[in-house]
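# Architecture at a glance
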Amino acid sequence: MRLTVILTSRLNRSHAISIFMKGSTDDVRKVMRREKNRIAAQKSRMRQTQKADNLHLESENLEKENAALRKEVKRLTEEAKYLSTVLSNHEPLCTGLSGASTEILYGAHHGAFHQHISVPHYPL
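All values derive from a computational prediction rather than experimental measurement.

Moving on: the overall build of the protein chain. A count of helical and extended segments in the protein chain gives three helices and two strands. In the protein chain, the order of α-helices and β-strands from amino to carboxyl end is β-β-α-α-α. A separation of at least 24 residues holds for 41% of the contacts in the protein chain among residues at least 6 apart in sequence. For the protein chain, the computed accessible surface area is about 10700 Å², with 57% contributed by carbon and sulfur atoms.

Under the 1.5 Å per step criterion, the end-to-end length of helix α1 (residues 25–90) is 96 Å for 66 residues, consistent within 8% with the ideal 98 Å. Looking at α1, one finds that the buried residues are V28, V31, E35, Y82, S84 and T85.

For the coordinates displayed, the defined rule picks out three salt bridges. The closest approach of N and O atoms between E35 and R38, which form a salt bridge, is 2.5 Å. Note that E35 and R38 are positioned in helix α1 at a spacing of three residues, about one turn of the helix. E35 gets classed as buried once you look at its relative accessible area, which sits at 9%. By relative accessible area, R38 is classed as partly exposed at 23%. Put simply, R75 and E79 hold a salt bridge, and the shortest N to O gap is 3.4 Å. A residue pair is termed a helical-turn pair when its members lie 3 or 4 positions apart in one helix, as R75 and E79 do in helix α1 at four residues. Its relative accessible area of 36% is what places E79 among the partly exposed residues.

In this model, the protein chain carries an average pLDDT of 77, and 59% of its residues clear a pLDDT of 70 or more. When mean pLDDT is taken per element in the protein chain, α1 scores highest with 96 and strand β2 (residues 17–22) scores lowest with 48. Ignoring residues within four places in sequence, the model shows residues 11–21, a span with pLDDT below 50, making 31 contacts including any to other chains. Counting interchain partners and residues more than four positions distant, the pLDDT-below-50 stretch residues 112–117 has six contacts.

Rules and cut-offs
- Note on numbering: residues in each chain are counted from 1, in written sequence order.
- Local features are withheld for residues below a pLDDT of 70 in this predicted model, meaning they are given only at 70 or higher, and side-chain atom pairs are given and counted only at 80 or more; totals for whole chains, interfaces and linings count all residues.
- To get the side-chain values, all heavy atoms of the structure are used, and hydrogens and water are removed first.
- In DSSP terms, a helix is any run of H or I states spanning at least four residues, a strand is any run of E spanning at least two, and both are numbered starting from the N terminus.
- Residues count as neighbours in contact if any of their non-hydrogen atoms are within 4.5 Å of one another.
- Only the protein chains shown count as covering a residue, and every accessible area follows the Shrake-Rupley method with a 1.4 Å probe.
- In this analysis, the expected span of each helix is defined as 1.5 Å times one less than the number of residues it contains.
- Think of it in three bands: with a 1.4 Å probe and only protein chains considered, a residue is buried below 20% of the maximum accessible area for its type, exposed above 50%, and partly exposed in between.
- Within this document, salt bridges are pairs made up of a side-chain nitrogen of Lys or Arg and a carboxyl oxygen of Asp or Glu, the two lying within 4 Å of each other.
- Every residue carries a pLDDT, the predictor's confidence in it, which falls somewhere between 0 and 100.

As structure tokens, this is what we get:
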């Protein structure tokens, strides 16, 4: 029972098998099953690599988006602080607020909000 297996060129990824057999069909089936399994394993590894590459790209894109959003949050926080300061500086000068309570205009948290402000100097 002798089995000879010749693999064709692997460069073009067509892994055809030419089998010249002198023996049982069980040996042929075994060789064919192994070749089929080898090809399936190779395809599986390629899919796994592609999936890992896609996840890496998605991760990089999400990190860039996260950085941009953090930058925008910082900018908006600074702008809110600046506008809050402008409003605080304007309140004593505003004649329209003379009879109104600041709690009615701004709510109960108005004073607490101003306690946490460190103000950058923006030009008016």
